[in-house]
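# Structural characterization, general
As a plain string of letters, each chain reads:
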Amino acid sequence: MAKALTTTDFHFEGQKSVYHGKVRDVYNIDDDLMVMVATDRISAFDVILPKGIPYKGQVLNQIAAKFLDATSDICPNWKLATPDPMVTVGLKCEGFRVEMIIRGILTGSAWRDYKNGVREICGVRLPDGMRENERFPEPIITPTTKADEGHDLNISREEIIAQGIVSEEDYTVMEDYTRKLFARGQEIAAKQGLILVDTKYEFGKRDGKVYLIDEIHTPDSSRYFYADGYEEKFAKGEPQRQLSKEFVRQWLIEHDFMNEPGQKMPEITDEYAQSVSDRYIELYEHIIGERFEKAADTDNLAQRIEQNVSAYLKARK
């Protein structure tokens with residue numbers, strides 16, 4: 001099995017600090033640039049699984065890069081370059097402490113809540129009588145607070161503004177960008193025979209301007225259904241064929257793990273990790289519509305990344 005990058009400890013020129021997230025490690029260069037390394041770590045239910053997934057970081061980084069480029073006419077984004085298959089370098093922005101989640105279809109956690117009687121999510125009223133995987137009359141925005149650890153929490157537009165987490169002016173801009181980005185994502189997905197079901201966006205601010213930051217339209221941040229058969233399966237109440245990280249969550253649920261007290265993480269065998277890697281590559285090829293080219297030099301991932309990023313940063317001076 002190919003090697004996976006699960007930890008990083010780089011020391012780039014001008015490096016001020018590093019933030020190790022659930023799956024990304026972000027290096028601050030001179031308080032001006034961010035070097036975001038998409039590792040091969042994988043998380044579900046807000047916990048990092050004990051084994052890395054080969055090529056997962058490359059898959060996510062390259063999908064995000066393509067979609068950042070494909071939406072740059074809608075709103076400014078942080079990306080400057082991808083000097084390595086697992087790395088994006090971009091502008092350092094002050095991130096807002098909310099994630100903008102937008103949903104076109106009732107599924108996932110929203111459906112689980114709805115099934116249990118919930119009829120309002122993040123201040124958005126939901127009609128009675130909806131079924132699993134049913135389209136909303138129009139996409140709904142259900143933001144969450146952005147937690148460094150543990151679960152992100154649902155929050156309404158009104159609470160965000162009232163608590164001063166984001167100003168009304170900035171939130172209005174983020175809301176507008178979210179709807180337009182989602183519409184573009186749905187258009188692109190439709191060309192690949194897919195439905196972009198739901199996704200999340202993160203925004204930040206730099207020089208008084210709101211920027212789209214982090215990843216976009218990846219299978220870690222988004223859920224896709226296959227368009228072919230959607231209506232038929234919905235009519236019959238059958239599960240949809242989907243492209244997302246949900247298959248990992250389902251595997252964990254089947255092994256009695258949802259990160260609740262007393263539950264034990266199941267063993268992640270090499271065989272299972274390889275199967276997840278294969279699924280991520282399949283996701284890439286379906287979402288992008290191109291063959292995935294595995295990057296070379298996977299035996300020395302950290303060395304390759306350090307050389308590529310250092311060369312880029314030096315060339316920028």
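Residues numbered from 1 in each chain as written. Predicted model: local features only at pLDDT ≥ 70, side-chain atom pairs only at ≥ 80, totals over all residues. Heavy atoms only, no water.

### Describing the side chain of S222
Here is the rule we go by: Each helix is a run of H or I in the DSSP string that is no shorter than four residues. Each strand is a run of E no shorter than two, and both are numbered from the N terminus. Burial classification: accessible surface area is computed with a 1.4 Å probe over protein chains only, and a residue below 20% of its type maximum counts as buried, one above 50% as exposed, and the rest as partly exposed. Think of a polar contact as two N or O atoms within 3.5 Å of one another; within protein, one of them needs to be a possible hydrogen donor and the other a possible acceptor, and neighboring residues in sequence only count if both atoms come from side chains. Any pair of residues with heavy atoms lying within 4.5 Å of one another is described as a contacting pair.
Topologically, S222 is positioned in strand β16 (residues 222–226). A relative accessible area of 5% places S222 in the buried class. In this structure the side chain of S222 is engaged in a polar contact, spanning 2.7 Å, whose partner is the side chain of T199. Here the side chain of S222 touches S221 through a polar contact of 3.3 Å, side chain to side chain. With residues near it in sequence (within four places) discarded, S222 still touches L196, D198, T199, H217, L243 and S244.

### Topic: helix α8 (residues 301–316)
To keep things clear, this is the line we draw: Multiply 1.5 Å by the residue count of a helix minus one, and that product is the helix's expected span.
The end-to-end C-alpha distance of α8 is 23 Å, a good match for the 22 Å that 16 residues give at a rise of 1.5 Å each. Along its buried surface, α8 packs onto β2 (24–29), β3 (33–38), β6 (79–84) and β7 (87–91).

### Comments concerning the state of the cysteines
The test is simple: In this description, a disulfide is simply a cysteine sulfur pair whose atoms lie within 2.5 Å.
The full count for this structure, using the stated rule, is zero disulfides. Its sulfur unpaired, C75 is 11 Å from the next cysteine sulfur, which belongs to C93.

### Side note on the packing of helix α6 (residues 246–254) against helix α7 (residues 270–288)
For clarity, the cut-off: Note on definitions: angles span 0 to 180 degrees between N-to-C directions of axes, and those axes are lines fitted to C-alpha atoms, for helices only across the stretch in contact. Orientation labels follow simple angle bins: below 35 degrees gives roughly parallel, above 145 gives roughly antiparallel, 65 to 115 gives roughly perpendicular, and whatever is left gives oblique.
In the contact formed by α6 and α7, the axes pass within 11 Å of each other and the chain directions differ by 155 degrees. By the angle class used here, α6 and α7 are roughly antiparallel. Counted together, F247, V248 and W251 of α6 and Y272, V276, R279 and Y280 of α7 form the full contact between these two elements.

### With respect to unusual backbone geometry
Phi at D30 is positive, roughly 55 degrees, even though this residue is not glycine. With respect to the element layout, D30 can be found in the loop between β2 and β3. Look at H217: it is not a glycine, yet its phi comes out positive at around 60 degrees.

### Re the packing of helix α1 (residues 56–70) against α7
For clarity, the threshold we go by: A crossing counts as left-handed when the near helix is turned anticlockwise from the far one by less than a right angle, and as right-handed when that turn is clockwise. Side-chain classes are defined by residue name, with Ala, Val, Leu, Ile, Met, Phe, Trp, Tyr, Cys and Pro counting as nonpolar, Asp, Glu, Lys and Arg as charged, and the others, Gly among them, as polar.
Running from N to C, α1 and α7 cross one another at 15 degrees; their axes reach a closest spacing of 9 Å. If you check the angle between α1 and α7, you find them roughly parallel. Once α1 is placed against α7, the crossing between them reads as left-handed. Within the contact between the two elements, α1 uses K56, V59, L60, Q62, I63, K66 and F67 and α7 uses Y280, I281, Y284, I287 and I288. A breakdown of the residues in the contact of α1 with α7 according to their chemical character gives nine nonpolar, one polar and two charged.

### Some thoughts on the nonpolar core
Nonpolar side chains tend to gather and get buried jointly when the protein is soluble and globular. The cut-off we apply is this: Put simply, a nonpolar core is a bunch of buried Ala, Val, Leu, Ile, Met, Phe, Trp, Tyr and Cys residues held in one set by side-chain atoms that sit within 4.5 Å of each other.
If you look at the biggest cluster of nonpolar residues, it comprises 78 residues, and the most contacted ones within it are V35, L181, F203, V248 and I287. Tallying contributions element by element places α7 first for this core, with nine residues. Ignoring sequence-local partners within four residues, the contact set of F203 consists of G95, F96, M100, M174, Y177, T178, L181, V210, Y211, L212 and I213. Grouped together as the second largest cluster of nonpolar side chains are ten residues, A110, Y114, L126 and M130 included.

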